[in-house]
Amino acid sequence: MKENKIIFLDRDGVINRDPGEFVPCSYVTSWKEFFFLPGSIESIQRLDQAGYGIIVISNQAGVSKGCYTEEQLNEINENMLSTLKQHGASILKAYYCIHQSKDNCGCRKPKTGLFERAEQELGIRSRGAFFIGDGKMDVEAGHAFGLKTILLLSGKTSKDDVQAWRIKPDLIRNDLQGAVDYVLRNPRPRTP
Ligand SMILES: [Mg+2]
């Protein structure tokens, strides 16, 4: 697989609606709380058709907080993957960290453990690839792993929030459609 044909996506706020404070625990705890954002399925389909290997990297600390179980997370994941696949939008694999900051694991973004695992398991080299997320930890993790970060405003972050961040995203777009438009027009990211 070619190095520049890998793309990483965060899940909540990118593919599906970030649950924010509207549900108990502020996590997607079951499939019925999972809502695809407008245009996200089509955007992933376009990446798939363009030959991208798509990998999801997501923090789901709600599991270790007891908001939902790992089985529920798996069920949500399987439903998401199969729905996407039905629409010609295949994900290579989704990786989840279920720990909290206090667990001091190596996989919770902004740490890069899940990216490393993806590289090893899938036999890919991802340096310079895009990582599309909606949060500060996404930008920090992507930056730390040598990825080109695109911050979306379709989740938990506003443009004003970014001003206070030490590590800034390479690009900001309103939603996944906007980011994919950019990626497909600029397949080889320029290094700054
Ligand atoms: Mg997110």
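See the structure shown above.
Worth saying up front: this structure is predicted, and the values here are computed from it rather than measured.

Participant: Give me the lowdown on the overall build of the chain, citing residues and values where you can.
Facilitator: Along the chain, the regular secondary structure elements total six helices and six strands. Ordered by position from the N terminus, the helices and strands of the chain form the series β-α-β-α-β-α-β-α-β-α-β-α. The C-alpha atoms of the chain give a radius of gyration of 15 Å, which matches the 16 Å a tight globule of 192 residues would have. Across its three principal directions, the C-alpha atoms of the chain cover 40 × 40 × 35 Å.

Participant: Outline the nonpolar core, supporting the account with residue identities and numerical values.
Facilitator: Core analysis: the biggest nonpolar cluster contains 47 residues, and Ile7, Phe8, Leu9, Ile54, Phe130 and Ile132 have the highest contact counts within it. Those residues in contact with Ile132 that sit more than four places away from it in its chain are Leu9, Asp10, Val14, Ile150, Leu152, Leu176 and Ala179.

Participant: Explain unusual backbone geometry residue by residue, including any values.
Facilitator: Both trends apply: most residues other than glycine have a negative phi, and most peptide bonds are in trans. A cis amide bond, omega 20°, links Lys109 with the succeeding residue Pro110. The backbone of Ser26 sits at a positive phi, close to 60°, despite the residue not being glycine. Of note, Ser26 is situated in the loop between strand 1 (6-9) and helix 1 (40-49). Of the residues examined, Ser26 has 16 C-beta atoms within 10 Å and is grouped as partly exposed. We note that Asn104 has phi near 50°; this positive angle belongs to a residue other than glycine.

Participant: Could you give an account of the environment of Tyr68, naming the residues involved and the relevant values?
Facilitator: When you line up the elements, Tyr68 lands in the loop between strand 2 (53-59) and helix 2 (70-86). The spacing of Tyr68 and Thr29 is 39 residues in sequence and 5.5 Å in space, taken between C-alpha atoms. Those residues in contact with Tyr68, other than ones at most four positions away along the chain, are Tyr27, Thr29, Ser30, Gly62, Val63 and Leu73.

Participant: Before we move on, can you summarise the pairing of strand 1 with the specific residues and values?
Facilitator: Here strand 1 shows no split at all, with Ile6 and Phe8 on one side and Ile7 and Leu9 on the other all buried. Sheet analysis places strand 1 next to strand 4 (residues 130-133), joined by three bridges and oriented parallel. The partner of Leu9 across the bridge, within strand 4, is Ile132.

Participant: So what about the packing of helix 1 against helix 6 (residues 176-185)? Which residues, and what values?
Facilitator: Look at helix 1 against helix 6: their axes get within 9 Å of each other, and the N-to-C directions meet at 15°. Viewed along their axes, helix 1 and helix 6 adopt a mutual orientation that is roughly parallel. The handedness of the crossing between helix 1 and helix 6 comes out as left-handed. Residue-level inspection shows Ser40, Ser43, Arg46 and Leu47 of helix 1 in contact with helix 6, the latter providing Leu176, Gln177, Val180 and Leu184. For the contact of helix 1 with helix 6, a count of residues per class yields four nonpolar, three polar and one charged.

Participant: Can you tell me about the pairing of strand 2, naming the residues and giving the values?
Facilitator: Burial of strand 2 is extensive: seven of the seven residues sit out of reach of the surface. Across the two faces of strand 2 the burial is the same, with Gly53, Ile55, Ile57 and Asn59 and Ile54, Val56 and Ser58 all buried. The pairing of strand 2 with strand 3 (residues 93-97) spans five bridges and is parallel. What sits directly across from Val56, in strand 3, is Ala94.

Participant: Break down helix 2 for me, citing the residues and quoting the values.
Facilitator: For helix 2, spanning 17 residues, the distance from its first C-alpha to its last is 24 Å, which sits close to the expected 24 Å at 1.5 Å a residue. Listing the buried residues of helix 2 in full gives Leu73, Ile76, Asn77, Met80 and Leu84. Seen end-on, helix 2 carries its buried residues on one side only, within an arc spanning 100°. Residues of helix 2 that are exposed and point more than 90 degrees away from the buried face comprise Glu71, Asn74, Glu78, Ser82, Lys85 and Gln86. Buried residues in helix 2 make contact with helix 1 and strand 3. Immediately downstream of helix 2, the backbone of Gly88 shows phi near 70°, a positive value.

The rules we used
Sequence order as written defines the numbering, with residues in each chain counted from 1. Given that the model is predicted, a residue must reach a pLDDT of at least 70 before its local features are reported, and side-chain atom pairs must reach 80 or more before they are shown or counted; all residues, however, enter totals for whole chains, interfaces and linings. Per the convention used, a helix needs a DSSP run of H or I reaching at least four residues, while a strand needs a run of E reaching at least two, with both numbered from the N terminus. Radius of gyration: C-alpha atoms only; globule rule: 2.2 Å multiplied by the number of residues to the exponent 0.38. For this analysis, nonpolar core means a set of buried Ala, Val, Leu, Ile, Met, Phe, Trp, Tyr and Cys residues linked through C-beta atoms within 7 Å. As a rule, residues whose C-beta atom has 12 or fewer other C-beta atoms within 10 Å are exposed, those with 20 or more are buried, and those in between are partly exposed; C-beta atoms are placed from the backbone. Here, residues touch in the contact sense if the C-beta positions derived from the backbone fall within 7 Å of one another. One requirement defines pairing of two strands: DSSP has to find at least two bridges between them. Between N-to-C directions, angles span 0 to 180 degrees; the directions come from axes that are lines fitted to C-alpha atoms, helices contributing only their stretch in contact. Here roughly perpendicular refers to angles of 65 to 115 degrees, roughly parallel to angles under 35, roughly antiparallel to angles over 145, and oblique to all remaining angles. Here a crossing is taken to be left-handed if its near helix is turned anticlockwise relative to the far helix by less than a right angle, and right-handed if that turn runs clockwise. Under the scheme applied here, ten amino acids are nonpolar (Ala, Val, Leu, Ile, Met, Phe, Trp, Tyr, Cys and Pro), four are charged (Asp, Glu, Lys and Arg), and all others, including Gly, are polar. A helix's residues, less one, multiplied by 1.5 Å, set its expected span. To be clear, the arc concerns the directions from the helix axis to the C-beta atoms.

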